[in-house]
Amino acid sequence: MEHTNLKPATKFIHAGLTPDPATGAIMTPIYQTSTYVQDGVGNHKGYEYSRTLNPTRHALEKNIAAIENGNYGACFGSGLAAIDCVIKMLNPGDEVISTNDLYGGTYRIFKTIFEKYGIKFHFVPMGDPSAVAQYVNENTRLIWVETPTNPMMNIVDIKAMAAIAREAGALLAVDNTFATPYLQTPLDLGADIVMHSATKYLGGHSDVVMGILVVKDEKLATEMYRIQNSSGAVTAPFDSFLVLRGIKTLHVRMQRHCENGERIAHFLKSHPKVDKVYWPGFEDHPNHEVAKAQMSGFGGMISFSLKGNKLEDAHAIVSKVKIFALAESLGGVESLIGHPATMTHASIPKEEREKSGVVDSLIRLSVGIEDAGDLVADLEQALA
Ligand SMILES: *Cc1c(COP(=O)(O)O)cnc(C)c1O
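Remember, predicted model here, so these are calculated numbers, not experimental data.

### A word on the overall build of the chain
Step number 1: A tally of regular secondary structure across the chain gives 13 helices and 12 strands.
Step number 2: Here the chain has a C-alpha radius of gyration of 21 Å; the compact-globule value for 384 residues is 21 Å, and the two agree.
Step number 3: Projecting the C-alpha coordinates of the chain onto the three principal axes gives extents of approximately 75 × 50 × 35 Å.
Step number 4: By the burial criterion, 55% of the 384 residues in the chain qualify as buried.
Step number 5: Excluding contacts between residues fewer than 6 apart, the proportion of contacts in the chain whose partners are at least 24 apart in sequence is 72%.
Step number 6: Surface accessibility of the chain: about 16100 Å² in total, with carbon and sulfur atoms responsible for 52%.

### Here's the deal with helix α4 (residues 104-114)
Step number 1: Among the residues of α4, those classed as buried are Gly104, Gly105, Thr106, Tyr107, Ile109, Phe110 and Phe114.
Step number 2: Against α3 (79-87), β2 (95-99), β3 (120-124), β4 (140-146) and α12 (350-355) lie the buried residues of α4.

### Describing the side chain of Thr147
Step number 1: Along the chain, the position of Thr147 falls in the loop between β4 and α5 (158-168).
Step number 2: Once you skip the residues sitting within four places of it in the chain, Thr147 turns out to touch Asn154, Ile155, Val156, Ile158, Val174, Asp175, Ala179, Gln184 and Gln294.

### Observations concerning the packing of helix α2 (residues 55-67) against helix α8 (residues 237-247)
Step number 1: Their axes nearest at 8 Å, the elements α2 and α8 cross at an angle of 35 degrees. Judged by the sense of rotation from one axis to the other, the crossing of α2 with α8 is left-handed. Between α2, through Thr56, Arg57, Ala59, Leu60, Asn63, Ile64 and Ile67, and α8, the contact on the second element is made entirely by Pro237, Ser240, Phe241, Val243, Leu244 and Ile247.
Step number 2: Residue composition of the contact of α2 with α8, by class: 9 nonpolar, 3 polar and 1 charged.

Rules of the game
Residues numbered from 1 in each chain as written. Predicted model: local features only at pLDDT ≥ 70, side-chain atom pairs only at ≥ 80, totals over all residues. Heavy atoms only, no water. Helix = DSSP H or I, 4+ residues; strand = E, 2+ residues; numbered from the N terminus. Rg over C-alpha atoms; globule rule 2.2 N^0.38 Å. Buried < 20%, exposed > 50% of the residue type's maximum accessible area, 1.4 Å probe, protein only. Contact = heavy atoms within 4.5 Å. Areas by Shrake-Rupley, 256 points an atom, 1.4 Å probe, with all protein chains shown as cover. Axes fitted to C-alpha atoms, helices over the stretch in contact; angles between N-to-C directions. Left-handed = near helix turned anticlockwise from the far one by under 90°. Nonpolar A, V, L, I, M, F, W, Y, C, P; charged D, E, K, R; others polar.

Here is the structure:
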């Protein structure tokens, strides 16, 4: 890859991109076309049909492959469509070991879509890697890791999981949505597949829904592209353009998300009505040392619970904030607030979600890039 020696900030802006060959346009045009005229039978310019490949999507696929330090990228209509592609690489009888505390939609597609095709899922706390090995057997084909986890901000040791996967002859996939390649590059730590909901930080402006996979290995890439083309859950040229545009500012946005996140995490920790604050930057976070080793910053995602653990108190706070918007999703420039138990994680049974810490008073923040003082003041009045 031509861009491997460049620093992240330079790669985000330039990797995979060349001026438009037809016009010299510095921004990759939105190639809003389904098909491509061929000079003769089988004689085309690399593009035949836009489900298979489209130039705008292709530019983004090359860009994201480079910034994740992989070789091959594939873009899908949503993060879940990207996850769908990974599980379709498996066969009936195969087993998956997954992080137990994970994005609600990931849990749902595993349980309600793929289980009926004969794939077995084990949902396991991964804070301590030695607890994972006991689920490995001869059918284990995939370890699915989310780190930091949503919404409990647990940290999974990617290198340790890679060692377990290698030993088991299984693939390791990492959902890198929360960290982004600015803070963490799982392929460098031994992962085989990196997955993104580009809907979040990569897009960064709450205006697109997209999923991305990146791999290093050529055989795995062939399988990924075969499923992408055969199942057809591809992303649109305009959406590809938006995410390419978003990635150009990923590093500056992430720097501010991290600064604001740190300020708010400390504010919450000292507030008398707050019980626990979940943020990997705290020294007393159970896997703070792992976070420090595998991430270059702690991000802008924070969860906290309230003293007394009352659902009504959490609902009151999320409705009293004025700058934080009550909404699902995360990773945009604007700050969002959510209540996992009734929003993102409502599809996980109460008993199951409480086991992983998603209690009734838990509130999740996606700290945006507004003025940190204004954000603190907003939370202060809502908590009062
Ligand atoms: C949002 C999200 C997904 C799902 O992505 P969509 O783009 O909404 O389909 C998967 N994993 C994580 C961590 C997410 O935040």
